[in-house]
Amino acid sequence: LSSAVILQLSPFQLSVRVAQLELVAQGGCMARTSRWGPDDGAAQAPQAGGPSQDRGRTEGRSDRDKQRSGAGDGFSKKKSSSKHRSNAGGERSTDKRSTSKASPREGTPTARRASRSPSAGSAASSRKSRQPSPEKLVATPRKPVQYKHRRTAGEVWRCKKGKRTDIKPGEWDRFNYVAKEEVINRPIEYAGNVVPIPRIKRKDLTPEYFLEHFASKKLPLIVEDACEDWPAMQRWSLEALEERFRHISFKVAKDDKGKKLRMKFKYYADYVRTQQDDSPLYLFETNVDDNGYIRDLCKDYEVPDIFPHDWLALVNNDARPPFRWFCIGPKRSGTTVHTDPLGTGAWNAVTHGLKRWVLMEPGESKRKVKGRDLIKAGEDDEAIMYFDFILPRIKKEYPELKIYEGLQKPGEVIFVPGDWWHGVLNLEDTVAVTQNYCGPDNFDVVWCKARKEREKVAWLWLRNMKKFAPELYERAMEMNRRDKFRMRHERPKGERLPDASSSSSESSSDSSSDEAEDLDPAGLKAAASTDMPLGAAGFKRQGAAPLPELVTCARAGFERPGKRRRQKEDPDLA
């Protein structure tokens, strides 16, 4: 090589030229004019196949090689190594069965790439083996979702994105349960450790019999024909609700930070009718009492008379934990197995749709009832998956575990005792209302949990017991003395219980005890003093006979007049 050529070549280009010259000296192949620098004037030896064969091979190069074959010093190392892979060994024979390719210099980038790269044939076979089967390549055809309102898609996307951060909003139908009707229509098999939830018609049940044989014994029950006379049986169809609450926002999800995600009912109804999700958005409204726009829902039903007690009503609605929920569950939605807060009992009434329930007795481990050890890699644990394959595995793995199952139809009420594990799957688009309560059958458990998990609520509750329900107050204080438990006002300032819940200070304040008119007397007949008028009966300045509608137990939920006016005047553009 001349000195002028050496000065113009980069170190890598120089190493390539040196390798070529060494090969020429050994007789392995003939050198070619370099494409990585100016021609040094070296004579090009004739090839074994002749000039015409070389021209044919050159003209047959791919467009990619042609793009990489330009002359000049400005090529990157990646382009140079690619070129070197094709030319480092000189001319190759056109016969594919005999490819005499010389090895590049050891330690160069080309050599390292060549050592990792398989031959052309093996690479093709490797790529062929890595291709998925034809069944996996064919996507299951789905009917595209067409919403009635143009804004529905954006609202649904926003709520999905906030609710679940582990998957994308477009992946909520990735398991295609909309096409697996067998999961929804699968009958319940009562055999072995699976028993039906007891059922009784409402006409054959009295509040006394229910308290003695079910509530006190903590046994679940489905009551048939319990709410067929409710106005909600007609007013709570999806179409009727949309007619009443088109522009009212309801809670349909909650994000990781606990923020409620709301959607106008007209968009949610549009979503319910067309959704194809595996586990759809579940409308679970907790502010029925606080929101003046939807408080009329409480006029569409009444608490069944077999649940006359609500001793947590000794705390005003602003301070007490949530206890009433209005629910709309689209088909395939539901809740996984859980227990209700504070050991409270619950009743759930269905007005439209169909629910499938599973219940397990208190004391069973959380890991067992949720099937934590039975979930395989790549599987989800939403309600539809739980009833599809997790619950059958639990039945098989734990034959000693007693499992209660049953279907709840429109007009039926289910009773779930406190601390019972329960989960639900909506087999149809379902509308329901549910309430939690504290009464004589579970007061001891609720008080012991509330004083530890909701300290401020328990302190306000205890003060109101002393004022309005002295017998209940003595019962709570006796449990405190028995357990040597000190309330928050009895401990030094700043001292906390070692195992207290982080939410023990939520939903309440340290205000003074409530007045009589702040409390709802409906569930306090067996606990409060009979000579103490509560609720509207405690009014003194509303005339001789206050109207029954004058109830102060719930907040008015007022909004700014301007905001209400804008919402009313906003035309339905969507």
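Residues numbered from 1 in each chain as written. Predicted model: local features only at pLDDT ≥ 70, side-chain atom pairs only at ≥ 80, totals over all residues. Heavy atoms only, no water.

A.B. asks: I would appreciate a short explanation of the confidence of the model for the protein chain in the present structure.
C.D. replies: Detailed reading of the predicted coordinates is not advisable wherever pLDDT is low. Looking at the protein chain as a whole, the pLDDT averages 77, with 66% of positions reaching at least 70. Below pLDDT 50 for its whole length, residues 502-509 participates in 19 contacts with residues either more than four positions away or in separate chains. When the criterion is pLDDT under 50, residues 550-574 qualifies, and its contacts beyond four places in sequence or with other chains add up to 43 contacts. (pLDDT = per-residue confidence, 0-100. Contact = heavy atoms within 4.5 Å.)

A.B. asks: What is the right way to look at helix 11 (residues 207-215) in this model?
C.D. replies: The α-helix winds at 3.6 residues per turn, so residues separated by three or four positions along the chain end up facing the same way. Of all the residues in helix 11, the buried ones are Phe210, Phe214 and Ala215. Mapping the buried residues of helix 11 onto a view down its axis gives an arc of 70 degrees, with all of them on the same face. In helix 11, the exposed residues that point more than 90 degrees away from the buried face are Glu208 and Glu212. Among the structural elements, strand 2 (199-201), strand 3 (221-224), strand 12 (413-416) and strand 14 (430-437) are those in contact with the buried residues of helix 11. (Buried < 20%, exposed > 50% of the residue type's maximum accessible area, 1.4 Å probe, protein only. Helix = DSSP H or I, 4+ residues; strand = E, 2+ residues; numbered from the N terminus. Arc of directions from axis to C-beta.)

A.B. asks: Help me understand the pairing of strand 12, please; the structure alone is not making it clear to me.
C.D. replies: Strand residues, when the strand is regular, have side chains that alternate between the two faces of the sheet. In strand 12, alternate side chains face the same way, and those of Val413 and Phe415 on one face and Ile414 and Val416 on the other are all buried. When strand 9 (residues 345-352) meets strand 12, the two strands line up antiparallel, connected through four bridges. Counterpart to Asn348 in the pairing with strand 12 is Ile414. (Pairing = 2+ DSSP bridges.)

A.B. asks: Mind showing me how you'd approach the sheet that holds strand 7 (residues 324-329) here?
C.D. replies: To summarise the sheet geometry, strands pair through backbone hydrogen bonds and adopt either a parallel or an antiparallel arrangement. One open sheet accounts for seven strands, arranged 2-3-12-9-14-7-6; its pairing is mixed. The sheet is open, and its two borders are formed by strand 2 and strand 6 (283-285), each paired with just one other strand. Ignoring which end each strand starts from, the neighbouring axes of this sheet average 20 degrees apart. Inspection of the sheet shows strand 6 paired to strand 7 by three bridges, in the antiparallel sense. The residue bridging Leu283 from the neighbouring strand is Ile328, located in strand 7. (Axes fitted to C-alpha atoms, helices over the stretch in contact; angles between N-to-C directions.)

A.B. asks: Please explain the packing of helix 18 (residues 455-468) against helix 19 (residues 470-483) as it appears in this structure.
C.D. replies: The angle between the axes and the distance between the axes are what describe a pair of packed helices. Between helix 18 and helix 19, the shortest axis-to-axis distance is 6 Å and the interhelical angle comes to 135 degrees. It follows from the interaxial angle that helix 18 and helix 19 lie oblique. Contacts from Leu462, Met465, Lys466 and Phe468 of helix 18 reach helix 19 at Pro470, Leu472, Tyr473, Ala476 and Met477. Tallied by class, the residues present in the contact of helix 18 with helix 19 amount to eight nonpolar, no polar and one charged. (Parallel < 35°, antiparallel > 145°, perpendicular 65-115°, else oblique. Nonpolar A, V, L, I, M, F, W, Y, C, P; charged D, E, K, R; others polar.)

A.B. asks: Explain the side chain of Asn436 here, please?
C.D. replies: Relative to the helices and strands, Asn436 is located in strand 14. A distance of 3.5 Å separates the side chain of Asn436 from the side chain of Asp340, its partner in a polar contact. Reaching out from Asn436, the side chain makes a polar contact with the side chain of Thr344 at a distance of 2.9 Å. (Polar contact = N/O pair within 3.5 Å; in protein donor to acceptor, adjacent residues only side chain to side chain.)

A.B. asks: Teacher, can you tell me more about the sheet that holds strand 11 (residues 403-408) here?
C.D. replies: Ordered in space as 1-11-10-13-8, the five strands form an open sheet in which the pairing is mixed. In the strand order of this sheet, the two ends are held by strand 1 (194-196) and strand 8 (334-338), each with one partner. Ignoring which end each strand starts from, the neighbouring axes of this sheet average 20 degrees apart. When strand 8 meets strand 13 (residues 421-426), the two strands line up antiparallel, connected through three bridges. Residue pairing for strand 13: Thr335 is matched across the bridge by Val424. In this fold helix 16 (residues 383-397) packs onto strand 1, strand 8, strand 10 (355-360), strand 11 and strand 13, with an angle of close to 40 degrees to the strand it touches most, strand 10.

A.B. asks: Would you take a moment to explain the packing of aromatic side chains for this structure?
C.D. replies: One pair of aromatic rings is described through two measures. These are the centre distance and the angle between the planes. Tallied over the entire structure, the rule returns 22 aromatic pairs. Ring geometry for Phe210 against Phe214: centres 6.4 Å apart, planes inclined by 20 degrees, an arrangement best described as stacked. Within this pair, Phe210 and its partner Phe214 are both found in helix 11, separated by four residues, close to a single helical turn. Look at Phe214 and you get buried, because its relative accessible area is 9%. Ring centres of Tyr386 and Phe387 lie 5.8 Å apart, and the angle between their planes is 75 degrees; on these two criteria the pair is classed as edge-to-face. Phe387 matches Tyr386 in its accessibility class, with the two residues each being buried. Above the plane of the ring of Phe323 lies Arg320, whose end atom (NZ or CZ) is 3.7 Å from the centre. Above the ring of Phe485, the side-chain terminus of Arg451 is found at 4.4 Å from the ring centroid. (Phe/Tyr/Trp six-rings, centres within 6.5 Å; stacked < 30°, edge-to-face > 60°. Lys NZ or Arg CZ within 6 Å of the ring centre and 35° of its normal.)

A.B. asks: Help me understand the packing of helix 17 (residues 443-453) against helix 19, please; the structure alone is not making it clear to me.
C.D. replies: Where helix 17 meets helix 19, the axes come as close as 11 Å, and the angle between the chain directions of the two elements is 60 degrees. Considering the relative orientation of helix 17 and helix 19, their crossing is right-handed. Contact with helix 17, carried on its side by Phe443, Asp444, Trp447, Cys448 and Arg451, involves Leu472, Arg475, Ala476, Met479, Asn480, Arg482 and Asp483 of helix 19 and no other residues of that element. The residue inventory of the contact of helix 17 with helix 19, partitioned by class, reads six nonpolar, one polar and five charged. (Left-handed = near helix turned anticlockwise from the far one by under 90°.)

A.B. asks: Any chance you could explain empty space enclosed by the protein here in plain terms?
C.D. replies: The gaps of empty space that remain are located by a probe, the size of a water molecule, rolled over the atoms. Under the definition given, this model contains five cavities of 30 Å³ or more. Approximately 80 Å³ is the volume found for the second largest cavity. Lining the second largest cavity are Leu312, Arg320, Pro321, Pro322, Phe323, Trp325, Pro341, Leu342, Thr344, Asn436, Tyr437 and Cys438. Partitioned by chemical class, the residues of the lining of the second largest cavity number nine nonpolar, two polar and one charged. (1 Å grid on protein atoms, 1.4 Å probe; cavity = no way out; pocket = protein on both sides within 12 Å on 5 of 7 lines; lining within 4 Å. Points joined across faces, edges and corners; volume = space filled by probe spheres on them.)

A.B. asks: Sorry if this is basic, but what is going on with the pattern of salt bridges here?
C.D. replies: Under the counting rule described, the total for this entry stands at 33 salt bridges. We note a salt bridge from Glu412 to Arg199, for which the minimum N-O separation is 2.6 Å. Taken together, the residues Glu412 in the loop between strand 11 and strand 12 and Arg199 in strand 2 connect sequence positions 213 residues apart. Classification of Glu412 as buried rests on a relative accessible area of 7%. Asp483 is paired through a salt bridge with Arg482; the nearest N and O atoms lie 3.0 Å apart. The exposure class assigned to Asp483 is partly exposed, which follows from its relative accessible area of 35%. Here the salt bridges do not stand alone but share partners, grouping Arg164, Asp166, Arg174, Asp380 and Glu382 into one network. (Salt bridge = Lys/Arg side-chain N within 4 Å of Asp/Glu carboxyl O.)

A.B. asks: Looking at this model, I keep getting lost on the environment of Asp278. Mind explaining?
C.D. replies: As for its position among the elements, Asp278 is in the loop between helix 14 (265-274) and strand 6. The class of Asp278 is buried, set by a relative accessible area of 2%. In this structure the C-alpha to C-alpha distance between Asp278 and Met385, which are 107 residues apart in sequence, comes to 8.7 Å. Excluding anything up to four places from it in sequence, Asp278 contacts Trp172, Asp173, Arg174, Phe175, Asn176, Tyr177, Arg332, Ile384 and Met385. Polar side-chain contacts of Asp278 include one of 2.9 Å to the backbone nitrogen of Phe175. Engagement of the side chain of Asp278 in a polar contact is seen with the backbone nitrogen of Asn176, the distance being 3.3 Å.

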